Amino acid sequence: MSVKHRDNIRNLAIIAHVDHGKTTLVDAMLHQSGLFRANEKVAERMMDGLDLEREKGITIMAKNTAINWHGTTINIVDTPGHADFGGEVQRVLKMVDGCLLLVDASEGPLPQTRYVLSNALAAGLSPIVVINKIDRPDARIAEVVDEVLELFFDLDASEEQCDFPILFTVAKTGTATRDINVPGNNLSPLFDVILENVPAPTYEEGHPLQLQITTLDYSSYLGQMGIGRVSNGTLKIGDAVLMTGGEGGTTAKITKLYGYSGLKRFEIQEANPGEIVAIAGIEGIQLGWTLTDPLNPKPMQALKIDEPSLEMIFSVNTSPFSGLEGKYVTSRQLRDRLFKETLGNPSLKVEETNSADSFRVLGRGELQFAILLETMRREGFEVGVGKPRVLTKKDENGAVLEPWEHLIIDCPEEYIGVITQTMGFRKGRMMKMVNHSSGWVRLEFEITLRGLIGLRSQLIVETRGTAIINHIFLAWREHVGEIPHRKSGVLIADRTGKANAYALQNLQERGQLFVGPGVEHYSGMIVGENSRTDDMWVNPSKEKKLTNMRASGSDDNYMLHPPKIISLENALEFIADDEIVEITPESIRLRKRLLTVEAVKKASRGA
């Protein structure tokens, strides 16, 4: 069979660290390709379609779009920049032939940049390097270019991959230039480099159909849809195909076929090699499966996804407030929702437990769990989750191994001492410290994943919100023993009621409160963080005794500190082993597993 090229197609993935301007650059490319009318109103960060993506400013789900530039179709895949969503990255890289690596002109390559690039290089993609935000006052362009080159060497890139073109852009204004001394006017240099350096898709003439499903989508009108690239052969409406994961499989008929133009899908009658298409109407379509010719099946190699490193127990909400705020509260509804999530997210695994009300969920990181939980609560679910637990395994000698992470912290110079002290407490090892002579330093550590749980919120407090924290999986190494989790105890409500100002004024001397006046609470609910190491049962609804004595102007003059607002990510980091985060569409509450003083005493006697 002879190898042919599709010269009128380029398939490209854009990879970058969180907040380096990737989605903003795609916006500018869509605008300058002539996709929109001059007076057409379009939203910023068009590729971030999920509400959570817009709120957090990160890409969670990989998405693809298509641009026509001088007769060539450029299929662009926008990939997540956070390692917790690495399963998305590893899948979509199978659809492309080149990658555009976007790096911030000040921050340089960060751990997630390294992670996504390592996958791209391993897949044999041809890279293009774009140094973005060159207009930043603290830009250090020459040093960042050197750091990118060092990164390629560290990742054992091939000689061809290290010979990458470099462009300099300001994604916000939509300009690019090949020469840093010559200001750019538009993104034409970027489009030209893509056409020159990204290889055209290749296929074997006469080869049977091969299309691997790398992304799943859902339409309320069409149902579940599979998205993938036609590697070989031709796919037409009405064709019978074999859907297989390697052995066996099921036969299906193609009823709906869609191509891409900009952000929209349009119906097509056939798809040829190199094209990225969406397929609807196939029952039970699964990620990683290949659509091939049933008479001459040629399944493609299965997708390889990194193994999970964290687990959490998801349970139905068993608090006294269960069912008051959510629509979906039963174990059957929770089970169906979790297993539905695994259909489109192969980096997430769900297992049954001994209890019908609880499920073991395995994933890549705290952010991945937090995004799933936030999505579920917005859908109307009530759920209780325990503390994230790090997975371990044993080597051939029986020694226990745990995941270690490469941690990078950027912070002002004055916080070096407090950060190194905190890292020592969590058994982190400093590997490198770089002072950029700008008042900021970069500290690099090796630390266990257990040591990272709760670290972000602690460092944000200790550095007054200035620390920038990034980490990525390093290796499986020997277990380092126990790491202290939380120094402080908690304040626990000992009865059900409504918090009032009189009680809270006395309690705020004990520590930081999580509730304010008028907030409903129940026995066993955590209402604050104790300033001491032990837990304390308190009465947040205690009222002032009525007497005949009155002091004008003092009875109602309560000076209360604002309660601490606990976010979902902070709650997951904060809780201890005997605590649960109760998540509903309207509230995030912390509680003990055992809800009364008597139950706690009985359990301690039994232990």
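Note that this is a predicted model, so its numbers are computed, not measured.

## A short note on the overall build of the protein
Within the protein, the secondary structure is distributed over 15 helices and 37 strands. Relative to its full complement of 607 residues, the protein shows a buried share of 52%. Looking at the protein alone, contacts between residues at least 24 apart form 71% of all its contacts between residues at least 6 apart. Summed over its atoms, the accessible surface of the protein is roughly 28,300 Å², and 48% of this surface lies on carbon and sulfur atoms.

## Considering the packing of helix H10 (residues 416-425) against helix H12 (residues 455-462)
Interhelical geometry of H10 versus H12 gives an angle of 155° and a closest axis separation of 10 Å. With respect to H12, the axis of H10 lies roughly antiparallel. Considering the relative orientation of H10 and H12, their crossing is right-handed. From H10, Val418, Ile419, Thr422 and Met423 reach across to H12, where they touch Leu455, Gln458, Leu459 and Glu462. The class makeup of the residues in the contact of H10 with H12 is 5 nonpolar, 2 polar and 1 charged.

## Let's talk about the nonpolar core
Ranked by internal contacts, the top residues of the largest apolar core, which has 49 residues, are Phe314 and Ile409. With 5 residues, helix H9 (residues 366-379) is the single largest residue contributor to this core. The next biggest cluster of nonpolar side chains, apart from the first, holds 39 residues, and it includes Ile15, Val145, Phe152 and Ile472.

## Considerations on the pattern of salt bridges
If you walk through the whole model with that rule in mind, you get 28 salt bridges. Residues Arg335 and Glu352 are paired through a salt bridge, measuring 2.7 Å at the closest nitrogen-oxygen approach. A residue pair is termed long-range when its members are at least 10 positions apart, and Arg335 in helix H8 (residues 331-344) and Glu352 in strand S21 (residues 349-352) qualify at 17 residues. Residue Arg335 is classed as partly exposed on the basis of its relative accessible area of 34%. Under the relative-accessibility criterion, Glu352 is labelled partly exposed at 43%. Connected through salt bridges with shared partners, the residues Asp104, Lys133, Arg136 and Asp138 form a single ionic network.

## Examining helix H1 (residues 22-32)
Most of H1 sits inside the fold, with 8 of its 11 residues counted as buried. Buried residues of H1: Lys22, Thr23, Leu25, Val26, Asp27, Ala28, Met29 and Leu30, and no others.

## A few points about the pairing of strand S13 (residues 240-244)
Burial analysis of S13 places 4 of its 5 residues in the buried class, which makes it a mostly covered element. When S13 meets strand S14 (residues 250-253), the two strands line up antiparallel, connected through 4 bridges. What sits directly across from Met243, in S14, is Thr250.

## Digging into the environment of Leu452
Along the chain, the position of Leu452 falls in helix H11 (residues 449-452). Judged by its relative accessible area of 7%, Leu452 is buried. Spatially, the C-alpha atoms of Leu452 and His471 are 9.0 Å apart, while their sequence positions differ by 19 residues. When sequence neighbours within four positions are dropped, the list of residues in contact with Leu452 reads Glu366, Glu405, Leu407, Arg426, Ile447 and His471.

## As for the pairing of strand S5 (residues 98-104)
In summary, the side chains of a regular strand alternate between the two faces of the sheet. Among the 7 residues in S5, 7 count as buried, and that is most of the element. The alternating pattern of S5 places Gly98, Leu100, Leu102 and Asp104 on one face and Cys99, Leu101 and Val103 on the opposite face, and all of these are buried. In terms of strand pairing, strand S2 (residues 9-16) meets S5 through 5 bridges, oriented parallel. Of the residues in S5, the one forming a bridge with Leu12 is Gly98. As defined by bridge partners, S5 adjoins strand S6 (residues 126-132) across 7 bridges and the pair is classed as parallel. What sits directly across from Cys99, in S6, is Pro127.

## Some details on unusual backbone geometry
Phi at His70 is positive, roughly 50°, even though this residue is not glycine. Looking at the secondary structure, you find His70 in the loop between strand S3 (63-69) and strand S4 (72-78). The class for His70 is exposed, based on a relative accessible area of 67%.

## With respect to the confidence of the model for the protein
Of the residues in the protein, 89% reach a pLDDT of 70 or more, and the chain-wide mean stands at 83. Residue range residues 45-50 is modelled with pLDDT below 50. Its contacts to residues more than four positions away, or to other chains, number 29 contacts. Every residue in residues 52-61 scores below 50 in pLDDT, and together they form 43 contacts with partners more than four places removed in sequence or on other chains.

## Description of the side chain of Gln210
Tracing the chain through its elements places Gln210 in strand S10 (residues 210-219). The contacts of Gln210, once residues within four sequence positions are left out, are Arg229, Val230, Ser231, Asn232, Thr290, Leu291, Lys298, Pro299 and Met300.

## So, the packing of aromatic side chains
All chains considered together, the criterion is met by 6 aromatic pairs. Where Phe321 meets Tyr522, the ring centres are 5.0 Å apart and the plane angle is 85°; that geometry is what we call edge-to-face. Taken as a pair, Phe321 in the loop between strand S20 (310-316) and H8 and Tyr522 in the loop between strand S33 (520-521) and strand S34 (525-530) lie far apart in primary sequence, 201 residues in all. Residue classification places Tyr522 among the buried positions, given a relative accessible area of 0%. We note Arg477 situated over the ring of Trp404; from NZ or CZ to the ring centre the distance is 5.7 Å.

## Some words on the environment of Arg360
If you trace the backbone, Arg360 turns up in strand S22 (residues 358-363). Judged by its relative accessible area of 24%, Arg360 falls in the partly exposed class. Sequence separation between Arg360 and Leu338 is 22 residues, and the spatial gap between their C-alpha atoms is 9.9 Å. Leave out the neighbours within four places in its chain, and Arg360 touches Glu311, Met312, Ile313, Lys349, Val350, Glu351, Thr353 and Leu391. In terms of polar contacts, Arg360 uses its side chain to reach the side chain of Glu351, at 2.6 Å.

## Concerning the environment of Ile237
You can see Ile237 is positioned in the loop between strand S12 (235-236) and S13. If near-sequence neighbours (up to four positions away) are discounted, Ile237 is found in contact with Ile254, Thr255, Lys256, Leu257, Ile268 and Gln269.

Definitions and limits used
Residues numbered from 1 in each chain as written. Predicted model: local features only at pLDDT ≥ 70, side-chain atom pairs only at ≥ 80, totals over all residues. Heavy atoms only, no water. Helix = DSSP H or I, 4+ residues; strand = E, 2+ residues; numbered from the N terminus. Buried < 20%, exposed > 50% of the residue type's maximum accessible area, 1.4 Å probe, protein only. Contact = heavy atoms within 4.5 Å. Areas by Shrake-Rupley, 256 points an atom, 1.4 Å probe, with all protein chains shown as cover. Axes fitted to C-alpha atoms, helices over the stretch in contact; angles between N-to-C directions. Parallel < 35°, antiparallel > 145°, perpendicular 65-115°, else oblique. Left-handed = near helix turned anticlockwise from the far one by under 90°. Nonpolar A, V, L, I, M, F, W, Y, C, P; charged D, E, K, R; others polar. Core = buried A, V, L, I, M, F, W, Y, C linked by side-chain atoms within 4.5 Å. Salt bridge = Lys/Arg side-chain N within 4 Å of Asp/Glu carboxyl O. Pairing = 2+ DSSP bridges. pLDDT = per-residue confidence, 0-100. Phe/Tyr/Trp six-rings, centres within 6.5 Å; stacked < 30°, edge-to-face > 60°. Lys NZ or Arg CZ within 6 Å of the ring centre and 35° of its normal. Polar contact = N/O pair within 3.5 Å; in protein donor to acceptor, adjacent residues only side chain to side chain.

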